[in-house]
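A structural walkthrough
Below, each chain spelled out in residue letters.
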Amino acid sequence: MFAFPGVRCHISLAFAKECVLIVLGIESSCDETAAAVVAADGSVLADVVSSQVALHAPYGGVVPELAARCHMDNIVPVIEQALAALPNGLAGIDGVAVTQGPGLVGALLVGVQAAKSIAFARSLPIVGVNHLIGHLLAIFLQRKPANPSPVPSFPFIALLVSGGHTALYEVRSAFDIEQLGQTRDDAAGEAFDKAAKLLGLGYPGGPRVDRLAGSGDPSRVVLPRPLAGRKQLEFSFSGLKTALAQHVTAQTSPLTEPQIADICAAFQHNVVSVLVDKALAACERRGVRRLVVTGGVAANRGLRARAASACASAQVELFFPEFASCTDNAAMIAYAGAQRLLAGENDGLGLSVFSRSPILGVSAEQAAMRRYKSSRLPRV
Ligand code: KG4
Ligand code: ZN
């Protein structure tokens, strides 16, 4: 069911009979306008995503003002399309969940205002959801009633790899999540996008680098693996991107397609090996034998293959959300919000947005690092 171009929509009424709490989720933090209807058990009843990729492609990245305006045009039809999955539409909704941040403030405000209007008009409870928690809980979404996806039990280690974020977490419950380490500079998806731009592959670059890497030989190009090693759970990708830029500018003649494929293969190999090594180091350190890889970059074939073989040898159980649950969507927001609503929480109409996420939990390592950093600040 496609109402207008660029809209992806999955609907399954087969779940509706067993649903208890039904939540409308709204996501508008970046370049996807999305709405979904999800039951508190993770059953996805409707999931509509309107992508703005074509709008931003000529600029090589997301233009915040254009994103906000496009959300304004699309938010109502997208929500209407999601609600059309319920026989009684809006009357079948028990609560509203909306992405509160992190993201582009102008874009977030569109979703939050739409959510508040619905909550006010129907006297429904409303909760704000941290987009990152949405990604971390996306593994619990069930999209195929006849063939449910395996889900991990708590606790699990999560590697969140998207265009805006790259971090490791220990997820002990929907409410007890601790960040173990994150990138110091670029996110993995951002690094893929910048590499693609340098190679003239267009935007978004991740899937294009992934495709070309499949036919390249990673050993033909030498690139660094910044912050490699299992000692620290922090990442850094900007040095790798700079090395790639230097490699490209050092060429005396235009790169051929096989040469570009080799560069993609080397770049992807280095990003993926660092991600998988650190994710397994986190599992080992926390004594947790379950790993969830989530976020847009979790679609990467190299990452999937390397994580599968490394987890098999380390005897760690590996989980990937379905592709539609990896990239930005509102079903994950609805599910995370449903857990808050089930706990009786309600943010009310005072709900506001935030552009940067507070760190989720504080690990002993990070607390020690913070003490160390503050001890080195000049005293006045
Ligand atoms: O999670 P997501 O949809 O949005 C954010 O929250 O950022 O992730 C989008 C990112 C983009 O940077 C895109 O290039 C990257 O995920 N991506 C990939 C692949 N598919 C999407 N990166 C590498 N390989 C892929 N196959
Ligand atoms: Zn995201």
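Residues numbered from 1 in each chain as written. Chains lettered and ligands numbered in written order. Predicted model: local features only at pLDDT ≥ 70, side-chain atom pairs only at ≥ 80, totals over all residues. Heavy atoms only, no water.

The local shell around ligand 1 holds 19 residues, among which Gly163, Asp193, Asp210, Gly296 and Asn300 are the closest. Taking Gly164, its main chain carries an N or O atom lying 3.2 Å from an oxygen atom of ligand 1. Surface burial for ligand 1 is 87%, taken as the share of its 550 Å² of free accessible area covered by protein chains. Elements represented by at least two residues in the shell around ligand 1 include exactly helix 4 (131–137), helix 5 (188–198) and helix 6 (206–213). Taken together, the residues of the shell around ligand 1 break down into 5 nonpolar, 11 polar and 3 charged. (Near = heavy atom within 4 Å. Polar contact = N/O pair within 3.5 Å; in protein donor to acceptor, adjacent residues only side chain to side chain. Areas by Shrake-Rupley, 256 points an atom, 1.4 Å probe, with all protein chains shown as cover. Helix = DSSP H or I, 4+ residues; strand = E, 2+ residues; numbered from the N terminus. Nonpolar A, V, L, I, M, F, W, Y, C, P; charged D, E, K, R; others polar.)

Most of strand 7 (residues 156–161) is tucked away, with 6 of its 6 residues classed as buried. Because side chains alternate across strand 7, one face comprises the buried residues Phe156, Ala158 and Leu160, and the other comprises Ile157, Leu159 and Val161, equally buried. When strand 7 meets strand 8 (residues 166–171), the two strands line up antiparallel, connected through 6 bridges. Across the sheet, Leu160 pairs through a bridge with Ala167, a residue of strand 8. Between strand 7 and strand 8, which pair antiparallel and follow one another directly, the connecting turn spans 4 residues. (Buried < 20%, exposed > 50% of the residue type's maximum accessible area, 1.4 Å probe, protein only. Pairing = 2+ DSSP bridges.)

Surrounding the zinc ion (ligand 2) are the protein donor atoms His131 (NE2), His135 (NE2) and Asp328 (OD), which sit 2.0 to 2.1 Å from the metal. Here the zinc ion (ligand 2) is ringed by 4 donor atoms whose angles at the metal span 95 to 136°, and the overall shape comes out irregular. On the basis of relative accessible area, His131 is assigned to the buried category, the value being 5%. (Donors = N, O, S within 2.8 Å, 3.2 Å for Na, K, Ca; no water. Tetrahedral: all angles 85-135°; square planar, octahedral: opposite > 155°, others 65-115°.)

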